[in-house]
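Residue strings, one per chain:
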Amino acid sequence: MVTNLTMKQGQGAELLRKINSHEAVAGVIGLGYVGLPLAIAAARAGFNVIGFDTDVKKIEMLNSGKSYIDAVKSRDLKSMVEEKKFRAEGEFIHFAECDIVIICVPTPLSKQREPDLSYVKDTAENISRYLHIGQLVVLESTTYPDTTLGIVKPILERSGLRAGIDFWIGFSPEREDPGSKKYSTVNIPKIVGGDGGEASELMAAFYGNVVEKVVVVSNPSVAEAVKITENIFRAVNIALVNELKVIYDAMGIDIWEVIDAASTKPFGYMPFYPGPGLGGHCIPVDPFYLTWKAREYGLSTRFIELSGEINVSMPRYVIARLEQSLDTRQKISLSSASILIVGLAYKPNVSDIRESPTLVMLETLVKRGASVDYYDPHVQEIPKTREHPDLSGWKSVELTTDTLSDYDAVLIATDHDEIDYRLLAEHAKLIVDTRNCFARRNIVCRNLVKA
């Protein structure tokens, strides 16, 4: 908990008192992979939390104690609901009940790779209708610097209230790591940047009651830049090892062996690993928010754009390796082959398929004429997505000895722990491994190709 706070009187002091006494009511808008874990963490910390979402089915599930997010267990959610520490609502009028309003809505890219802030803007408009004196509004949705102050703040001030005087505003980037057994909402340090000293103090006080460590930066734009920098760092380095993978493969060198050996250096090196492309909402999307914003200053972002090109090209590279392997090893053309894709989620041990490169590969293989199925223990059915509507409703097959005999090749796209890799090694006719699954598990596989 933060204790070095200085406000003595006024609306800020009253909100600070309510925060530290846990009387403050927190509203979390957007109950997805970021919003729901935060809402439950705040409820477990002792705050009364109202979660907001436009999906009626989600609201019904949550209020009955059923979670649809891997990071939130239904038993924990049900406990918070029964203790009346959490409830889900769909009506904006309930914003008026909240002392703290936290925005966790999507920030996607348009087809032209331009920021789509429509969800943020619409949410700010709705908040402004019920904004009252003494509220703290925090944006958590990843975006480019100056969104909080340049877009959200002016919309909220249309209410007639003034930021820093009647209400407070700031930015605190989400740092969720889906599927991680080590990190959760509570033990990941929380960056906060308020519009003024009082806003920062209030944000630090609230989050300091919820998470283990709070890091205060000078303003919302710095906090926005922190999040984009983190994701650009990963995107660029993953692109680097993906490019090296292609180069070393042409030379007959195993990129995984190279990385493992390089990792023994105790300084000046950090391992990143190649794959079939980037997935998840953050890394494939967020860097292009800065690319777009940089144009306003007449600047180019060459590293970001190049890394994007490389990472986007990886599904094509994997399919080319698959096609080549089918031709040389199985004497079968891709258009007449039967393929099983293993792993639909974008990372191991989660059900999250947002921006998953597997969806691109699945769709491409179908267009090329291949017969395709998928197996994923975490994704039993493909939900509706904006980018791949034709895949909606596809169901995972069972992974058995009998089913494996039906496929000419197995493509490993995601390395879930639950997958029976020994079964695959013993019965698959051909395996194209994009994750180095078998070598990492010391499983000998005769018909293996790395991609």
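Residues numbered from 1 in each chain as written. Predicted model: local features only at pLDDT ≥ 70, side-chain atom pairs only at ≥ 80, totals over all residues. Heavy atoms only, no water.

Caption draft 1: A look at the packing of aromatic side chains. By the definition in use, this model includes 10 aromatic pairs. Their ring planes at 35° and their centres at 5.1 Å tell us that Tyr-144 and Trp-292 sit as a pair that is tilted. Taken together, the positions of Tyr-144 in the loop between strand S5 (136-139) and helix H6 (147-157) and Trp-292 in helix H10 (residues 287-295) put the pair 148 residues apart, joining distant regions of the chain. Among the aromatic residues, those joined into a ring-pair cluster are Phe-52, Phe-92, Phe-95 and Tyr-130. Here the basic side chain of Lys-190 rests over the ring of Tyr-207, its NZ or CZ set 4.7 Å away from the ring centre. (Phe/Tyr/Trp six-rings, centres within 6.5 Å; stacked < 30°, edge-to-face > 60°. Helix = DSSP H or I, 4+ residues; strand = E, 2+ residues; numbered from the N terminus. Lys NZ or Arg CZ within 6 Å of the ring centre and 35° of its normal.)

Caption draft 2: Molecular detail of helix H4 (residues 74-82). Those residues of H4 not exposed but buried are Leu-77, Met-80 and Val-81. Around the axis of H4, the buried residues are gathered within 100° of arc, so they sit on the same side. Among the exposed residues of H4, those pointing more than 90 degrees away from its buried face are Arg-75 and Glu-82. (Buried < 20%, exposed > 50% of the residue type's maximum accessible area, 1.4 Å probe, protein only. Arc of directions from axis to C-beta.)

Caption draft 3: Focus on the side chain of Ser-128. As for its placement among the helices and strands, Ser-128 is situated in helix H5 (residues 118-130). When near neighbours in sequence (up to four residues on either side) are disregarded, Ser-128 contacts Ile-155, Leu-156 and Ser-159. (Contact = heavy atoms within 4.5 Å.)

Caption draft 4: Spotlight on the pairing of strand S7 (residues 190-194). Among the 5 residues of S7, 5 are classified as buried, and the element is accordingly described as predominantly covered. Every second residue of S7 is oriented toward a common face, with Lys-190, Val-192 and Gly-194 on one face and Ile-191 and Gly-193 on the other, all of them buried. For strand S6 (residues 168-171) and S7, the ladder comprises 2 bridges, and the chain directions are antiparallel. In the sheet register, Phe-171 faces S7, and the bridge partner there is Gly-193. With 3 bridges joining them, S7 and strand S8 (residues 214-216) adopt parallel strand pairing. Bridging from a neighbouring strand, Lys-190 pairs with Val-214 of S8. With helix H7 (residues 197-208) bridging S7 and the parallel S8, this β-α-β connection has right-handed handedness. (Pairing = 2+ DSSP bridges. Right-handed = clockwise from strand over helix to strand, strands pointing away.)

Purely spatial values, then, with no claim about function.
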